[in-house]
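Single-letter residue listing:
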Amino acid sequence: MDVVFIAKALVSLVYIFFNYTEILKEAETELQLITSVNSFQPDNAGETYEFAHEGDISCTRECTKDSLPRLCHYRFVLENYNILSLACKNCTRNITQCYNPQCVTADGYERGILTVNRMLPGPSIQVCYGDKIVVDVKNKMPSQSTTIHWHGMFQRGTPFYDGVPMITQCPIVGGTTFRYQFYANQPGTFYWHSHDGTQKSDGLQGSLVVRRPRVHEPNAQLYDYDLPAHVIMISDWAHRPSMDHFPGLVEPVTGTYEVFFLINGRGRYTDPVEGNTTTPYSVFRVYPGKRYRFRVIGAICIHCPALLSIDGHNLTVIDTDGNSVKPVEVQALHIHAGERYDFVLNATNEVNSYWIRVKGMGKCAPDETAQQRAVLQYKEAERTEPREPEVKDEDEEVSPVVTIMNPQNATCSHGEHGVCVSQLEAAEPIDENILKPEPDVSITIVSDYVFPKKKDLFYSGSFNRFDHPDSLDLIYTLNNITNEDTSSPLLTQLDDIPPGQICPIGVDGRPYCNTTHCTCSHIIKVPLGAVVQFILIDRSPKAGMNHPFHLHGYAFNVMAMGYLEDTEMNADNIASLLKSDKLQESSAPTFKDTIAVPSSGYAVLRILADNPGFWLFHCHYLDHHVVGMAFTLQVGDPDDYPPEPAGFPKCGDFKPLERL
């Protein structure tokens, strides 16, 4: 596969050489060449309503069967910035100034943020299958390190660029630049975000779309257009910096639940006393009678999933997490942190403007502020915003007749009007080994939490990390272990890690904890090429939350999910029921890379472990991950890994001199 990609890159360079001689005259180095090829890239998906014209050399283009791959270079500058900075001038009174270069509006509430290229969300990367993506990340955030993760990209052959600190690379320290480079060898909807601390919650994230020729799209007959502007990025938002919510404010805001939403970085904040802000909504435009593919990204960081609907329109789901599925028509999408869904919208309604609605669900459902709007505008509609007044949140209860994709807590039984991901059918082939009765390796992962004593948190000198939701002190665990980062990257400096940092391995070859709770680097090793089954069991209360688990480096097949009686909720019973064909709901279980496990329920996932390296598996709720709800999947041995790039940065544990 790598040989094919190298050949494509060489063909691309030859193509550029013979077709863009003027560029080559000016390009003295490879970097200049790449920059020239990508100089016409749009800054934001929301500003680009057409593809590049014929002859343009932008990487955001219509992907055709005969097109050659391109080198797509981006420069990311990360820095501290502000909502409604001086770049916005008089934006709150003159809305046209809200679109000034470097003006970030969010929901109109002023606060400090983190940005890439002074944008919220950051630049949208949109390329074609086979292109090479090169991103130079310059960290201009004082005294902060960072990394960028390419969420959903397998990094097959390039695990060093997965962007997880102390697993695949050293953090990028302030004032330095790190280059990520990998091939767009998966089609679909992805996104990029910081994987350092809580930075993505403060703004360091953006969309990543890899298109392929329509002839290779299983559902291409359902839509006329797949436009750069039709990427809907839903992010939760807060009016305080993220670190104010970790481990959680006690007063005046309880816990971590100060939640608002943004759609493509825009929206309005409604205050019952001060009234609404006047910042603009995001607008998505369509022509009457046409069919459009929309790509939705759940760039959500904390506990509240989002419910998306569009007034007067059904949504035909055709893809999830970059994987095509057989079409399913619904009226709303229930999206957890890290998930993506592509849907087709038929613009067959009356020429008008319609609300796109996002509502916080789960623990945020009662909160009137946990919502946001955008606008679907038909061409030639008289107004940008719908004429009818906005409906108050308390009147927006979802009707029981509405069919919801991926409903809260996997309520998909008959009469529930929900479609669960375990019921979706993959539209592309599945390796037959995945469907065999028994896997080669089965791993049980039990997610739970412990209630630490105050003396353990504050008086013993142990410095345990903890979360503080709902005025409770919690430490999250997987199999009674709270994950802790190693002092050097696992992928490149495994021998530099002191043995005591990594969890001990039991006679069964699995990490173990011989007490009720322990903290260490949680690494589970599996053989290269094995069919690996994960049985995820959640011990949260049924009224609790669905932990959205994300696996780096892979898409797994969702074999089953749901509930069992307490006496039946164990791995052996779940495996036995699956083997006897009593749990699997789909004959072709869909691929996903992020799955929301039902509270007090289970999910069964399978992968073919054919991508060697160290891959993080973690809850995508930001505070849960930061507190340690994660483990690292080691696939194969170091001899199986791709060779380390020349000059790859090293790091380690900085220790004081022994003598004072």
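It should be emphasised that the depicted structure is a prediction, and the values quoted were computed from it without experimental measurement. (Residues numbered from 1 in each chain as written. Predicted model: local features only at pLDDT ≥ 70, side-chain atom pairs only at ≥ 80, totals over all residues. Heavy atoms only, no water.)

A closer look at the overall build of the protein chain
Then, in step 1: Regarding its fold elements, the protein chain presents six helices and 36 strands.
Then, in step 2: Counting over 660 residues, the protein chain shows a buried share of 59%.
Then, in step 3: Relative to all contacts within the protein chain whose residues are 6 or more apart in sequence, the contacts with residues 24 or more apart total 76%.
Then, in step 4: Element-wise, carbon and sulfur atoms account for 52% of the exposed surface of the protein chain, whose accessible area totals about 27500 Å². (Helix = DSSP H or I, 4+ residues; strand = E, 2+ residues; numbered from the N terminus. Buried < 20%, exposed > 50% of the residue type's maximum accessible area, 1.4 Å probe, protein only. Contact = heavy atoms within 4.5 Å. Areas by Shrake-Rupley, 256 points an atom, 1.4 Å probe, with all protein chains shown as cover.)

Topic: the confidence of the model for the protein chain
For residues with low pLDDT, the predicted coordinates do not support detailed interpretation.
Then, in step 1: A residue-level look at the protein chain finds 85% of positions with pLDDT of 70 or above and a mean pLDDT of 86.
Then, in step 2: Across residues 3–41 the pLDDT falls below 50, and counting only partners more than four positions away or on other chains, this stretch makes 58 contacts in the model. (pLDDT = per-residue confidence, 0-100.)

Some remarks on unusual backbone geometry
Then, in step 1: Geometrically, the link from Leu120 to Pro121 is a cis peptide bond, its omega value of -10° lying close to zero.
Then, in step 2: Within the secondary structure, Pro121 sits in the loop between strand E2 (112–116) and strand E3 (125–128).
Then, in step 3: Look at Gln102: it is not a glycine, yet its phi comes out positive at around 70°.
Then, in step 4: Among the structural elements, Gln102 can be located in the loop between strand E1 (71–82) and E2.
Then, in step 5: One non-glycine residue, Glu380, adopts positive backbone phi at about 75°.
Then, in step 6: Within the secondary structure, Glu380 is located in the loop between strand E21 (371–378) and strand E22 (404–405).

Description of the packing of aromatic side chains
Then, in step 1: Applying the stated criterion across every chain yields a total of 23 aromatic pairs.
Then, in step 2: Taken together, a centroid distance of 5.4 Å and an interplanar angle of 5° make the contact between Phe294 and Phe343 stacked. Note that Phe294 is positioned in strand E14 (residues 291–298) and Phe343 in strand E19 (residues 340–346), a separation of 49 residues in sequence.
Then, in step 3: Owing to a relative accessible area of 0%, Phe294 belongs among the buried residues under this scheme.
Then, in step 4: Owing to a relative accessible area of 0%, Phe343 belongs among the buried residues under this scheme.
Then, in step 5: Of the aromatic side chains, those joined through ring pairs into one cluster are Phe76, Trp150, Phe160, Tyr161, Phe178, Tyr180, Phe182, Trp192 and Phe648.
Then, in step 6: For Arg111, the ring lying beneath its charged end belongs to Trp237, and the centroid distance is 4.7 Å. (Phe/Tyr/Trp six-rings, centres within 6.5 Å; stacked < 30°, edge-to-face > 60°. Lys NZ or Arg CZ within 6 Å of the ring centre and 35° of its normal.)

Details of the state of the cysteines
In a disulfide, the sulfur atoms of two cysteines are held together by a covalent bond.
Then, in step 1: Summed over all chains, the structure comprises nine disulfides.
Then, in step 2: A sulfur-sulfur separation of 2.1 Å characterises the disulfide bridge that pairs Cys88 with Cys103. Linking Cys88 and Cys103, the disulfide has an S-S dihedral of approximately 105° and is accordingly described as right-handed. With a gap of 15 residues between them, Cys88 in the loop between E1 and E2 and Cys103 in the loop between E1 and E2 connect regions that are remote in the sequence.
Then, in step 3: Since its relative accessible area comes to 10%, Cys103 is described here as buried.
Then, in step 4: The partner cysteine of Cys513 in its disulfide is Cys518, sulfur to sulfur 2.2 Å.
Then, in step 5: Judged by relative accessible area, which is 19%, Cys518 ranks as buried. (Disulfide = S-S within 2.5 Å.)

Here's the deal with the environment of Phe178
Then, in step 1: Of note, Phe178 is situated in strand E6 (residues 177–183).
Then, in step 2: The class for Phe178 is buried, based on a relative accessible area of 7%.
Then, in step 3: Separated by 32 residues in the primary sequence, Phe178 and Thr146 place their C-alpha atoms 10.0 Å from one another.

What about the sheet that holds strand E4 (residues 132–139)?
Then, in step 1: Taken together, the four strands give an open sheet; going across it, the order is E2-E1-E4-E6, and neighbouring strands pair in mixed fashion. Edge positions in the sheet fall to E2 and E6, since each of these pairs with one other strand and no more. Recorded for the sheet is a direction-independent mean angle of 20° between the axes of neighbouring strands.
Then, in step 2: Summarising the sheet, E1 and E2 pair through five bridges and their orientation is antiparallel. (Pairing = 2+ DSSP bridges. Axes fitted to C-alpha atoms, helices over the stretch in contact; angles between N-to-C directions.)

Describing the nonpolar core
Most often, soluble globular proteins keep nonpolar side chains buried together rather than apart.
Then, in step 1: By size, the foremost hydrophobic cluster in this structure holds 82 residues, and its most contacted members are Leu308, Leu333 and Phe343.
Then, in step 2: With 39 residues, the next largest nonpolar core counts Val135, Ala184, Leu204 and Leu490 among its residues. (Core = buried A, V, L, I, M, F, W, Y, C linked by side-chain atoms within 4.5 Å.)

A short note on the environment of Cys619
Then, in step 1: Summarising the element assignment, Cys619 is placed in strand E35 (residues 613–619).
Then, in step 2: As a C-alpha pair, Cys619 and Ile595 span 24 residues in sequence and 9.4 Å in three-dimensional space.
Then, in step 3: When residues no more than four places from it in sequence are discounted, the contact partners of Cys619 are His547, Pro548, Phe549, His624, His625 and Met629.

Some words on the environment of Ala603
Then, in step 1: With respect to the secondary-structure elements, Ala603 resides in strand E34 (residues 602–608).
Then, in step 2: Between the C-alpha atom of Ala603 and that of Asp538, which follows or precedes it by 65 residues, the distance is 8.8 Å.
Then, in step 3: For Ala603, the residues in contact, after removing those within four places along its chain, are Phe534, Ile535, Leu536, Ala560, Met561 and Val597.

With respect to the pattern of salt bridges
Opposite charge on two side chains allows them to pair when their charged atoms are near.
Then, in step 1: Scanning all chains against the criterion turns up 25 salt bridges.
Then, in step 2: Arg211 is paired through a salt bridge with Asp226; the nearest N and O atoms lie 3.2 Å apart. Of this pair, Arg211 sits in strand E8 (residues 205–211) while Asp226 sits in the loop between E8 and strand E9 (231–237), and the two are 15 residues apart along the sequence. Asp226 carries the same exposure label as Arg211, and that label is buried.
Then, in step 3: We note a salt bridge from Arg291 to Asp224, for which the minimum N-O separation is 3.0 Å. Of this pair, Arg291 sits in strand E14 while Asp224 sits in the loop between E8 and E9, placing them 67 residues apart in sequence.
Then, in step 4: Judged by relative accessible area, which is 31%, Asp224 ranks as partly exposed.
Then, in step 5: Residues participating in the shared-partner salt-bridge network are Arg211, Arg212, Glu217, Asp226, Arg293, Arg295, Asp319, Asp342 and Glu428. (Salt bridge = Lys/Arg side-chain N within 4 Å of Asp/Glu carboxyl O.)

Observations concerning the pairing of strand E17 (residues 323–330)
Then, in step 1: Pairing of strand E16 (residues 315–320) with E17, which is carried by five bridges, proceeds in the antiparallel orientation. Counted as the bridge partner of Val317 is Val328 from E17.
Then, in step 2: Between E16 and E17, which follow one another and run antiparallel, lie two residues, and Asp321 among them has a positive phi close to 55°.

Quick look at the sheet that holds E22
Strand pairing in a sheet relies on backbone hydrogen bonds, with the paired strands running either antiparallel or parallel.
Then, in step 1: Ordered in space as E13-E21-E20-E15-E18-E22-E23, the seven strands form an open sheet in which the pairing is mixed. Both outer strands of the open sheet, strand E13 (283–286) and strand E23 (418–419), are each paired with one neighbouring strand and no more.

Looking at helix H5 (residues 571–579)
Then, in step 1: Taken together, the buried positions of H5 are Ala571, Ile574, Leu577 and Leu578. Seen along its axis, H5 keeps its buried residues to an arc of 130°; they face one direction.
Then, in step 2: Against strand E24 (441–450), strand E29 (531–538), strand E31 (556–562) and E34 lie the buried residues of H5.
Then, in step 3: A side-chain oxygen of the first residue of H5 lies 3.3 Å from the backbone nitrogen of Asp572; this N-cap is Asn570.
Then, in step 4: Looking one or two residues beyond H5, the residue adopting positive phi is Asp581, at roughly 65°. (Arc of directions from axis to C-beta. Polar contact = N/O pair within 3.5 Å; in protein donor to acceptor, adjacent residues only side chain to side chain.)

Points about the pairing of E8
Then, in step 1: Judged by how many residues are buried, E8 sits mostly within the fold: seven of seven residues are covered.
Then, in step 2: The sheet contact formed by E3 and E8 spans four bridges and is parallel. Note that in E8 the partner of Val127 across the bridge is Val210.
Then, in step 3: Bridge count for strand E7 (residues 188–194) against E8 is six bridges, and the pairing is antiparallel.

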